[in-house]
Amino acid sequence: RKEVEQDPGPFNVPEGATVAFNCTYSNSASQSFFWYRQDCRKEPKLLMSVYSSGNEDGRFTAQLNRASQYISLLIRDSKLSDSATYLCVVTLSGSARQLTFGSGTQLTVLP
Amino acid sequence: NAGVTQTPKFRILKIGQSMTLQCTQDMNHNYMYWYRQDPGMGLKLIYYSVGAGITDKGEVPNGYNVSRSTTEDFPLRLELAAPSQTSVYFCASSTDRGNHYGYTFGSGTRLTVV
């Protein structure tokens, strides 16, 4: 079983649509949670951290359910510039902050 | 402020050749990492370091070696390159303080072994 599993995608949505990505993690000792964005042939960049209380950053909302070991990302009013691969990332407690990545979900926003 | 700098950006190696991927950071981060990313996959940790003189294996260390003689530099050595090492390699650094993590990735090295 993979440590971090994501929706396989790809997701192709029209501009203005709302899209949701899901992610599950297998290690209950996971401590910190993130969504990263990766553009084609580029390095990953932090989109947002994910907190148990849920958090929002503009059009992006992240949720964490520790009991179900489940993380989600909601994108509202999709823009063409949101087209990218979204990576679900977790870390373990006591680790040297090593990141464990999911395989990513590809999003294409269509005009 | 350059952040994390990786060289070279691209390289083609023949089977059995060796090379060193260079990584340097100017943020005075204690933590540094090497990840590889195969097509359609997430990143996997090869090696990491929590400070000068300290290195440890990650998930996929076989075929690689690292050293950390200074805070700034964390080179990755490939000995006897194999086609399975064809991948994109990312170096990263992180602060060891606070909850923000402050991860910064380099722009990557695309390696092809033929």
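Below, the structure is looked at part by part. (Residues numbered from 1 in each chain as written. Chains lettered and ligands numbered in written order. Predicted model: local features only at pLDDT ≥ 70, side-chain atom pairs only at ≥ 80, totals over all residues. Heavy atoms only, no water.)

### Considering the sheet that holds strand 3 (residues 19-25) of chain B
Residue and element names in this part refer to chain B.
- Reading across the sheet, the 4 strands line up as 1-3-8-7 and stay open at both edges, with antiparallel pairing between neighbours. The open sheet terminates on both sides in strands that have one partner only, identified here as strand 1 (4-7) and strand 7 (64-66). Geometrically, the sheet is characterised by an average inter-axis angle of 20° between neighbouring strands, direction not taken into account.
- Relative to strand 8 (residues 76-78), strand 3 runs antiparallel, the two sharing 3 bridges. Its bridge partner lying in strand 8, threonine 20 is registered against arginine 77. (Pairing = 2+ DSSP bridges. Helix = DSSP H or I, 4+ residues; strand = E, 2+ residues; numbered from the N terminus. Axes fitted to C-alpha atoms, helices over the stretch in contact; angles between N-to-C directions.)

### Let's talk about the interface of chain B and chain A
- On the chain A side, the residues contacting the 24 residues of chain B number 19 residues.
- Across the interface of chain B and chain A, roughly 1700 Å² is buried in total on both sides, 56% from carbon and sulfur atoms.
- The tally of links from chain B across to chain A stands at 0 salt bridges.
- Inspection of the region where chain B meets chain A yields 3 residue pairs in polar contact (both at pLDDT 80 or more).
- Every element with two or more residues in the side of chain B that touches chain A is listed here: strand 4 (31-37), strand 5 (43-51) and strand 9 (87-94) of chain B.
- For the side of chain B that touches chain A, the residue count by class is 12 nonpolar, 9 polar and 3 charged. (Contact = heavy atoms within 4.5 Å. Buried area = accessible area lost by both parts, 1.4 Å probe. Salt bridge = Lys/Arg side-chain N within 4 Å of Asp/Glu carboxyl O. Polar contact = N/O pair within 3.5 Å; in protein donor to acceptor, adjacent residues only side chain to side chain. Nonpolar A, V, L, I, M, F, W, Y, C, P; charged D, E, K, R; others polar.)

### Overview of the pairing of strand 9 (residues 84-92) of chain A
Residues and elements named next belong to chain A.
- Burial analysis of strand 9 places 7 of its 9 residues in the buried class, the great majority of the element.
- Relative to strand 9, strand 4 (residues 30-38) runs antiparallel, the two sharing 8 bridges. Counted as the bridge partner of tryptophan 35 is cysteine 88 from strand 9. (Buried < 20%, exposed > 50% of the residue type's maximum accessible area, 1.4 Å probe, protein only.)

### Digging into the sheet that holds strand 7 (residues 60-65) of chain A
Residues and elements named next belong to chain A.
- Spatial strand order, 1-3-8-7-6: 5 strands in an open sheet with antiparallel pairing. Two strands in the sheet have a free side with no partner beyond their single neighbour: strand 1 (4-6) and strand 6 (55-57). Within the sheet, the average angular offset between the axes of one strand and its neighbour, ignoring direction, is 20°.

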